[in-house]
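A structural walkthrough
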Amino acid sequence: MSDLAELPTPPPSATDFPDYVSDKFCLDDSRSDVDEGAAGPSRKHHYERKMGETELSYFLPSRQTGVNDMYLHLGFKAPQRIAQRRRVCTVWAILRLRHPMLCARAEMRDYDDVRFIYDAPSSAVDAYCDADANLEYRNDSKDELIDAYLNGPRTLSNSRLSYLILSEPSSSPVLMPTPPRTPSPTNVLFEAESAFEDEGPVEPKREYELLICAMHFLGDGMALHQFANDFFGLLGGAKSDDELRDMLEEEWHSRWSIAPEECVLPSALEDNMPLPSHKFRRIAAQVDFQLSQQRLIGGQVFPRRKHPERLTIVPTVSFPEDRTKAILKKCKANGVSISAALFAICNVAWARMGGGSKTAPTLMYSALNLRPYFSVKRAAPWDSYWYLAIGYFNVVLPSFLPAAGPVEPTFWLRARQAKDQSTRAAKNPLVASRTHEMAKERGERARVWAKEDDEREQGTWAPPAPASAASPPREPVFPARAKSSSAALIGLSLLGNLDGIYKHAAFPETELHTLTTGSRQRQGAMLLFGYTFKGRLWISLGYDSNGFEGDVVDRFWKEALDCVDEFLG
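What comes next concerns the included structure. The structure presented is a predicted model; accordingly, all values stated were derived computationally and were not measured.

Now for unusual backbone geometry. For the peptide bond that leads from Ala380 to Pro381, omega is 5°, which places it in the cis range. As for its placement among the helices and strands, Pro381 is situated in the loop between strand 10 (362–369) and strand 11 (390–397). One non-glycine residue, Asn68, lies in the positive phi region at around 80°. You can see Asn68 is positioned in the loop between helix 2 (53–62) and strand 2 (70–79). Notably, Lys534 is not glycine yet its phi reads approximately 55°, a positive angle. Topologically, Lys534 is positioned in the loop between strand 14 (526–533) and strand 15 (536–544). Taking relative accessible area as the criterion, Lys534 reaches 28% and is therefore assigned partly exposed.

Next comes the structure, spelled out in structure tokens:
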């Protein structure tokens, strides 16, 4: 995608006032004029840093079609004034000031030299204008927004690492205001006394769809959800439009009235968890990593097919609050979380479908939040949480079920096995060293594939020459093991209880009711999501509907939901 200047100007909201363009932001100009001797005058300040190995492993595959570009959709109800473009853009600008990675761009100089480039805004007005250029209003439904993002032309680019879309579906009716509570005989006196305080017009609410878009090499799911909570905390909070504009001015002054000399961008993942430089430690880390990789045995895979076009769909189910409570209670009674139970759901559903060979285990993978392991902390106001902080762990379970008798005891045994493996991965004392080794491996692999992709596109690719046999092979230092597959069946994104992140009481003007998340996928990809939100359990399956044979995924999805009904209640 080309630079922002070549992109069409996004339309203003249909609900905005006509003076939007001529008077979109009013600030005290005298406060924006900084003395020339200070480090924050009208000129932009330039910062850059190289990407780390983990960031590179996400950036390089994304270049062509946007693989891994993240999105977070939130459906909400709010009064019309809350969704005015002026207010939304001010909130967006405030948060972009707090999180400079969202405003940066990516510049590739070589396969091992890709940089984040950040030009700081020269004023609060400049920050507002930059936010406005990366904000779009539409009239699409939730499904239309998500389908366009996943399967249409790429929304993001190297010069646009984040984007915000707010949509009021054209079919959305104006919602009736909530009727007042009927007074009871016991409190009729109180109601009469407070009537004058509560009296006033009740604003009707409208339905809106918000889509937050960001590159995966900028951050991860935790950053995305924390950002959404902060966004709604400002948008639906108590501050007026004028107070938010003042806040934007103050946010700019707190950072740029005196610009720092050091880079303001958050550090790369590997720099946030540094390792001692002792040679013995490095060798021990390499040996441990290789041994841990040898234990990853899988082989169960969905049968795939080649198709020229990718078509990602995301079937989603949610369970009522009372049923969610019963499900969580049953998981707790069996000593597991809902996340561990979802590993067992996938395992049993696949076994019941009669997937691959019963002798090959089922390997599944999931993300590990690395924030608790970071030993480097940045001081305010440069303590942004927008950075990449995920590793991976694997769960390996048997692929067979008992020949006779009830399956439920086996299901809960598998769930406890998944919990044990997840806990061991999270509490392993060598998490940091394994993360570094995996980052190096993923980075090197991404560079090789990226170079090959570019050469194939240019018509210059040639297969690598066979390894020379001039020198005798070294004697292996690792124990001899039989060749086995490490292919994974499916990936799981287990977000946990999102109500612990979203402080709904802090934004009373907005009522969130729907949440969907995911990313643009490569061909033949599949990822299952599980989380609780607004007191409900949500399970969704994002996959390339053109990338698998027959109805194998449909049957798996049906079997997984049947397992939820059977084992979780």
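The 5 strands are arranged 5-6-7-2-13 in an open sheet whose pairing can be described as mixed. In the strand order of this sheet, the two ends are held by strand 5 (135–138) and strand 13 (511–519), each with one partner. This sheet shows a mean twist of 20° between the axes of neighbouring strands, independent of strand direction. Direction of pairing for strand 2 relative to strand 7 (residues 205–214): antiparallel, over a ladder of 10 bridges. Note on strand 7: the bridge partner recorded for Tyr71 is Cys213.

On to the pairing of strand 1 (residues 46–50). Residue alternation in strand 1 divides its side chains into a buried set, Tyr47 and Arg49, and an unburied set, His46, Glu48 and Lys50. Of the pairings in the sheet, the one linking strand 1 to strand 4 (residues 113–119) comprises 5 bridges and is antiparallel in character. Of the residues in strand 4, the one forming a bridge with Glu48 is Ile117.

Before going further, it helps to spend a moment on the packing of aromatic side chains. One pass over the structure, following the stated rule, counts 24 aromatic pairs. An aromatic cluster is present here, built from Phe76, Trp92, Tyr208, Phe227, Phe231, Phe232, Trp386 and Phe507 joined pairwise through their rings. Lying over the aromatic face of Tyr58, Arg442 brings its terminal NZ or CZ to 5.2 Å of the ring centre.

Procedures and definitions
- Residues numbered from 1 in each chain as written.
- Predicted model: local features only at pLDDT ≥ 70, side-chain atom pairs only at ≥ 80, totals over all residues.
- Heavy atoms only, no water.
- Helix = DSSP H or I, 4+ residues; strand = E, 2+ residues; numbered from the N terminus.
- Buried < 20%, exposed > 50% of the residue type's maximum accessible area, 1.4 Å probe, protein only.
- Pairing = 2+ DSSP bridges.
- Axes fitted to C-alpha atoms, helices over the stretch in contact; angles between N-to-C directions.
- Phe/Tyr/Trp six-rings, centres within 6.5 Å; stacked < 30°, edge-to-face > 60°.
- Lys NZ or Arg CZ within 6 Å of the ring centre and 35° of its normal.

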